[in-house]
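Read off the chains here:
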Amino acid sequence: MSNLPIIPDDKIQLVKDQICKGATDSELKLFIATANRTGLDPFSKQCWAVKRWDAGLGREVMSFQTGVDGFRVIAQRSDKYAGQLGPFWCGEDGVWKDVWLDSKPPMAAKVAVLRTDFKEPLWAVAKFSSYAAKKKDGSLTPFWAKMPELMIAKVAECLALRKAFPQDISGIYSDEEMEQASNLKDITPQQKQQDEINLITQSASVGALNSDKKPVVGTETAMTSQPQVNDKKQT
């Protein structure tokens, strides 16, 4: 990765006006510092700003957020990423499967990340009940209802990547991990509209990905993210 900052000084005002709208000066500085540290480019939609209600402060606070592809970019740039195992899913019986064909959502998903300097894979498990995003009436939000196995697998992958690369990914969270959080508001424009297109496209290739059990780097189609103003509230 280049030593040049992702957000140079002459682009800071553009970030403030178009990507971190409404952010305080300290929040803007934190966003820029995190982008430069991780190498994620907000102009390429690899990361974005999200506002979340902080009950302790009694106001909205901005956080740096990315998608699973942002995690993959960070891992790949480490030069120690050696692929993954999984995803695998299980139902109430606890039996892990490499493809989920049940009409009901899985109970959990797990993914392992391989590093060239580790002897064993690093596994992470995500329970569906812990991460599934729901609407006010208690029903699942559209993506979690339409493709539950894909969504929970992405959460498990993010958890595994953070475990494998804590220095690079610590403190950074993905949309998939945080969708169940309350009062989310994307403040970077046009994110969710493009996500809908990319998630539907990606889901069409899930079967092919699951059939290959060998560790493969970068087997999924990258999703380009473009945030949009959108309020989400937890039930």
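Residues numbered from 1 in each chain as written. Predicted model: local features only at pLDDT ≥ 70, side-chain atom pairs only at ≥ 80, totals over all residues. Heavy atoms only, no water.

**Description of the side chain of Thr-34**
Mapped onto the secondary structure, Thr-34 falls in helix 2 (residues 25-38). Not counting residues within four places of it along the chain, the set of residues in contact with Thr-34 comprises Phe-64 and Ile-172. (Helix = DSSP H or I, 4+ residues; strand = E, 2+ residues; numbered from the N terminus. Contact = heavy atoms within 4.5 Å.)

**Description of the packing of aromatic side chains**
All chains considered together, the criterion is met by four aromatic pairs. With 5.2 Å between their ring centres and 45° between their planes, Phe-31 and Phe-64 make a pair best called tilted. You can see Phe-31 sitting in helix 2 and its partner Phe-64 sitting in strand 2 (residues 59-66), a full 33 residues away along the chain. Take Phe-31: its relative accessible area is 1%, and that puts it in the buried class. Since its relative accessible area comes to 10%, Phe-64 is described here as buried. Between Phe-128 and Trp-144 the ring centres are 5.5 Å apart and the planes differ by 70°, which places this aromatic pair in the edge-to-face class. Here the residue Phe-128 occupies a position in helix 4 (residues 128-131), and Trp-144 occupies one in helix 5 (residues 142-146), the gap between them amounting to 16 residues. (Phe/Tyr/Trp six-rings, centres within 6.5 Å; stacked < 30°, edge-to-face > 60°. Buried < 20%, exposed > 50% of the residue type's maximum accessible area, 1.4 Å probe, protein only.)

**Let's talk about helix 2**
Here helix 2 contains 14 residues, and its C-alpha end-to-end distance of 20 Å stays within 8% of the 20 Å for a straight helix at 1.5 Å per residue. Among the residues of helix 2, those classed as buried are Glu-27, Leu-28, Phe-31, Ile-32, Thr-34, Ala-35 and Thr-38. All buried residues of helix 2 lie within an arc of 165° about the axis, which places them on one face of the element. Turned more than 90 degrees off the buried face of helix 2, the exposed positions are Asp-25, Ser-26, Lys-29 and Leu-30. Tucked into the core, helix 2 has its buried residues touching helix 1 (12-18), strand 1 (47-54), strand 2, helix 3 (68-77) and helix 7 (166-169). Directly beyond the C-terminal end of helix 2, a positive phi value near 80° is found at Gly-39. (Expected span 1.5 Å × (residues − 1). Arc of directions from axis to C-beta.)

**Details of the confidence of the model for the protein**
Averaged over the protein, the pLDDT score is 79; the fraction of residues at 70 or greater is 74%. The lowest-confidence element of the protein is strand 9 (residues 231-232), averaging 46 in pLDDT; the highest-confidence one is strand 5 (residues 108-115), averaging 98. Below a pLDDT of 50 lies the segment residues 207-211, which in the model reaches six contacts outside its immediate sequence neighbourhood of four places, other chains included. Low pLDDT, under 50, characterises residues 213-235; the predicted model gives this stretch 80 contacts beyond four residues in sequence or across chains. (pLDDT = per-residue confidence, 0-100.)

**Side note on the sheet that holds strand 6 (residues 122-127)**
Reading across the sheet, the four strands line up as 4-3-5-6 and stay open at both edges, with antiparallel pairing between neighbours. Both edges of this open sheet fall to strand 4 (96-97) and strand 6, since each of them pairs with a single strand only. Of the strand pairs in this sheet, strand 5 and strand 6 are connected by six bridges, and their pairing is antiparallel. Bridging across to strand 6, Val-111 finds its partner in Ala-124. Against the sheet, helix 6 (residues 148-164) makes contact with strand 3 (81-90), strand 5 and strand 6, and its axis sits at roughly 140° relative to strand 6, the strand it touches most. (Pairing = 2+ DSSP bridges. Axes fitted to C-alpha atoms, helices over the stretch in contact; angles between N-to-C directions.)

**Topic: the pairing of strand 2**
Pairing of strand 1 with strand 2, which is carried by eight bridges, proceeds in the antiparallel orientation. Within the sheet, the bridge partner assigned to Asp-54 lies in strand 2 and is Arg-59. Connecting strand 1 to the next strand, strand 2, in antiparallel fashion are four residues, including Gly-58 with a positive phi near 70°. Of the pairings in the sheet, the one linking strand 2 to strand 7 (residues 173-174) comprises two bridges and is parallel in character.

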